[in-house]
Amino acid sequence: MGDLQPCPLKTSPSSTCPSDGRWQFNTNVAFRSDGQLVARFHKYNLYFEEAFDTPPQPEIVTFDTPFAGRFGLLTCFDILFYQPTVALVERGVRQLIFPTAWMNQLPLLDTIQFQRALSLGANITLLAANIRNDQLIMTGSGIYTPFSATYHHAQKGDPEEGRLLVARVPVLEPLWVGQSVATEEGVVRAESNTDSGYCHQESCFDSSHPETASAVSPSSVTFVSSMMYDSFSFVLINGTEGKLNVCDGTFCCHLQYQQLPQGGSKELYALGAFAGTHTVNGRYALQVCAFVRCAGSEASSCGQEVEEAETKMDFLLEGKFGTRYVYPSVLASQLVLEQPEHLEKTADGRVTMKHSNMTGGLVTAVLYGRMYHLDNE
């Protein structure tokens, strides 16, 4: 909803108060079961919202419940920024409420893809409610915990109507920075000063896939292609199994993959790396490793939007990041989320995501690193 608040008119150039003496904020509200207003959050990171003002200061807004502890509030574009999202998490808030009007942005920022990625990367529960607007390609909501995902992503031709999602989820206790991370069978998360659990170029996958140990791909030619308006460095996947590296400057990504036996699919895949500041429709600094299906049979099609794929892959994707804020996701054909089989982080910034036994063809596997500290440079 909108919130209109009077503000002090000042003559100084630095004043954020509009000339009519009132702010208009894009506002997220929470009500108690007896109707009492318990929280009001003003969106801080606006996205082409001429009717609304940016609050003079970012807000950290939470409310407590008798049934599941503390919840924090954020809205839409806020999810990509330190304020308020990471600021909430670093204060120990592990359950976030996220109303949004988000356009599906494949191959890296589809709605459910990044909702899931934030939940996994920040080790939180996210309640995400997206508006449904097919003309603006807005669809996709979910209830995500570090261990589960209940979601709905409408497809073209589906009736344009609402869908109620219900899930029973664990109450996550406050988790402070440096505390050991919760684990559940199937997903391993670690923060330590060693990288003994990490795959390196000669050892990735060797324990469970010994047949790939000697299958080192020949050196591939690096090429540049645009993905979501950023210039990614890519190398093409060549053959049914192998190991690849690609670097963008000093930031490098490593992939080990094995294509599962199947019909005569000739789909093209590539491994991409990007380190820099995204500047189109928002400004934010990134380090990204992405294993993507290309839209066509030419290298120039790598990085374009794809929703379907037939090729199933066992893979290990790894990067050494200059940030501890890395958000992992695996998106399968027809916009289906897959739970990574194994996730690992170490204190030196190395992040590994391993996955196998896919239920559908691989569209995208991403390690999406946010370099919040470089956003203003």
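Quantities reported herein were computed from a predicted structural model and do not represent experimental measurements. Here the residue numbers are simple positions, counted from 1 along each chain's written sequence. Confidence filtering applies because this is a predicted model: local features only for residues at pLDDT of at least 70, side-chain atom pairs given and counted only at 80 or more, and all residues used for totals across whole chains, interfaces and linings. The basis for every side-chain value is the complete set of heavy atoms in the structure, and neither hydrogens nor water enter the calculation.

Quick notes on the overall build of the chain
Now for step 1: Strands are runs of DSSP state E lasting at least 2 residues, helices are runs of H or I lasting at least 4, and numbering of each runs from the N terminus. Across its full length, the chain holds two helices and 21 strands.
Now for step 2: Remark: exposure states derive from per-residue accessible area (1.4 Å probe, protein chains only) relative to the maximum for the residue type, with buried under 20%, exposed over 50%, and partly exposed in between. Scored against the burial criterion, the 377 residues of the chain give a buried share of 51%.
Now for step 3: It only takes one pair of heavy atoms within 4.5 Å for two residues to be counted as in contact. If you take every contact in the chain between residues at least 6 apart in sequence, the share linking residues at least 24 apart comes to 66%.
Now for step 4: Areas reported as accessible are Shrake-Rupley estimates using a 1.4 Å probe. Residue values count occlusion only from the protein chains shown. On the chain, roughly 17,600 Å² of surface is accessible, and the fraction owed to carbon and sulfur atoms is 51%.

Points about the side chain of D230
Now for step 1: Structurally, the position occupied by D230 is in strand 11 (residues 230-236).
Now for step 2: In this tally, Lys and Arg are treated as positive and Asp and Glu as negative; His is ignored, and so are the chain termini. Throughout this description, the term salt bridge denotes a Lys or Arg side-chain nitrogen within 4 Å of a carboxyl oxygen of Asp or Glu. Salt bridges are absent for the buried D230, whose nearest opposite-charge side chain, R283, sits at 9.9 Å.
Now for step 3: Polar contact is the term for a pair of N or O atoms within 3.5 Å; when the atoms are in protein, one must be able to donate a hydrogen and the other to accept it, and sequence-neighboring residues count only if both atoms are side-chain atoms. Within the local environment of D230, its side chain forms a polar contact with the side chain of H278, the two groups lying 2.9 Å apart.

Considering the sheet that holds strand 18 (residues 336-337)
Now for step 1: Paired strands, in this sense, are two strands between which DSSP finds at least two bridges. Pairing is antiparallel across the open sheet formed by seven strands, whose spatial order is 10-11-14-15-21-17-18. Sheet topology places strand 10 (223-227) and strand 18 at the edges, where each strand pairs with a single neighbour.
Now for step 2: Two strands pair when backbone bridges link them, and strand 11 and strand 14 (residues 269-278) are joined in this way by four bridges, in the antiparallel orientation. Bridge pairing in strand 14 places L236 opposite A270.
Now for step 3: Against the sheet, helix 2 (residues 111-122) engages strand 17 (326-332), strand 18 and strand 21 (362-370), with an angle of about 135° to strand 17. Axis angles are defined between N-to-C directions and span 0 to 180 degrees, where every axis is a line fitted to C-alpha atoms and, for a helix, only to the segment in contact.

Here's the deal with unusual backbone geometry
Now for step 1: Following Q83, the chain continues into P84 via a peptide bond in cis, with omega recorded as 0°.
Now for step 2: The peptide bond linking L106 to P107 adopts the cis configuration, its omega dihedral lying at 10°.
Now for step 3: Summarising the element assignment, P107 is placed in the loop between strand 6 (95-100) and helix 2.
Now for step 4: Despite not being glycine, Y229 shows a phi value in the positive range, around 70°.

A word on the layout of surface pockets
Now for step 1: The calculated volume of the second largest pocket comes to roughly 460 Å³.
Now for step 2: Buriedness for pockets is judged along seven lines, at least five of which must meet protein on both sides within 12 Å for an open set on the 1 Å grid over protein atoms alone, while cavities are sets there where a 1.4 Å probe fits but cannot get out, and lining residues have an atom within 4 Å of a point. What lines the second largest pocket is a set of 26 residues, among which Y47, M103, Q105, M228 and N281 lie closest to the centre.
Now for step 3: Three categories are distinguished: nonpolar for Ala, Val, Leu, Ile, Met, Phe, Trp, Tyr, Cys and Pro, charged for Asp, Glu, Lys and Arg, and polar for the others, with Gly belonging to the last. Considered class by class, the residues forming the lining of the second largest pocket number 16 nonpolar, seven polar and three charged.
Now for step 4: The split of the chain into domains comes from an automatic or database domain assignment. Summarising the domain contributions, the lining of the second largest pocket has at least three residues from each of domain 1 (2-8 + 16-152) and domain 2 (222-374). Grid points are joined across faces, edges and corners, and a volume is the space filled by probe spheres set on the points.

Regarding the packing of aromatic side chains
Aromatic ring pairs are described here by two measures, namely the spacing of the ring centres and the angle between the planes.
Now for step 1: Aromatic contacts are taken between Phe, Tyr and Trp rings whose centres are within 6.5 Å, Trp giving its six-membered ring; a plane angle under 30 degrees counts as stacked, one over 60 as edge-to-face, and the others as tilted. Counting across every chain of the model gives 18 aromatic pairs.
Now for step 2: Centroid distance F77 to F81: 5.0 Å. Interplanar angle 75°. Geometry classified as edge-to-face. Comparing F77 with F81 shows no difference in burial state: the two are buried.
Now for step 3: When the centroid spacing of 5.7 Å and the interplanar angle of 75° are considered together, the rings of F114 and Y327 count as edge-to-face.

Some thoughts on the state of the cysteines
Now for step 1: By disulfide we mean two sulfur atoms from cysteines, separated by a distance within 2.5 Å. With the rule as written, the count across this model stands at four disulfides.
Now for step 2: A sulfur-sulfur distance of 1.9 Å marks the disulfide that ties C247 to C252. Handedness here is read from the sign of the S-S torsion; for C247 and C252, about 105°, the answer is right-handed.
Now for step 3: Among the residues examined, C247 registers a relative accessible area of 34% and is labelled partly exposed.
Now for step 4: Among the residues examined, C252 registers a relative accessible area of 32% and is labelled partly exposed.

Details of the sheet that holds strand 2 (residues 22-31)
Now for step 1: On the basis of which strands lie adjacent, the open sheet formed by three strands has the order 1-2-3 and antiparallel pairing. Edge strands, defined here as strands with exactly one partner in the open sheet, are strand 1 (2-6) and strand 3 (37-42). When the angles between neighbouring strand axes are averaged without regard to direction, this sheet yields 45°.
Now for step 2: Across five bridges, strand 2 lies against strand 3 in antiparallel orientation. Bridge assignment links T27 to a residue of strand 3, and that residue is H42.

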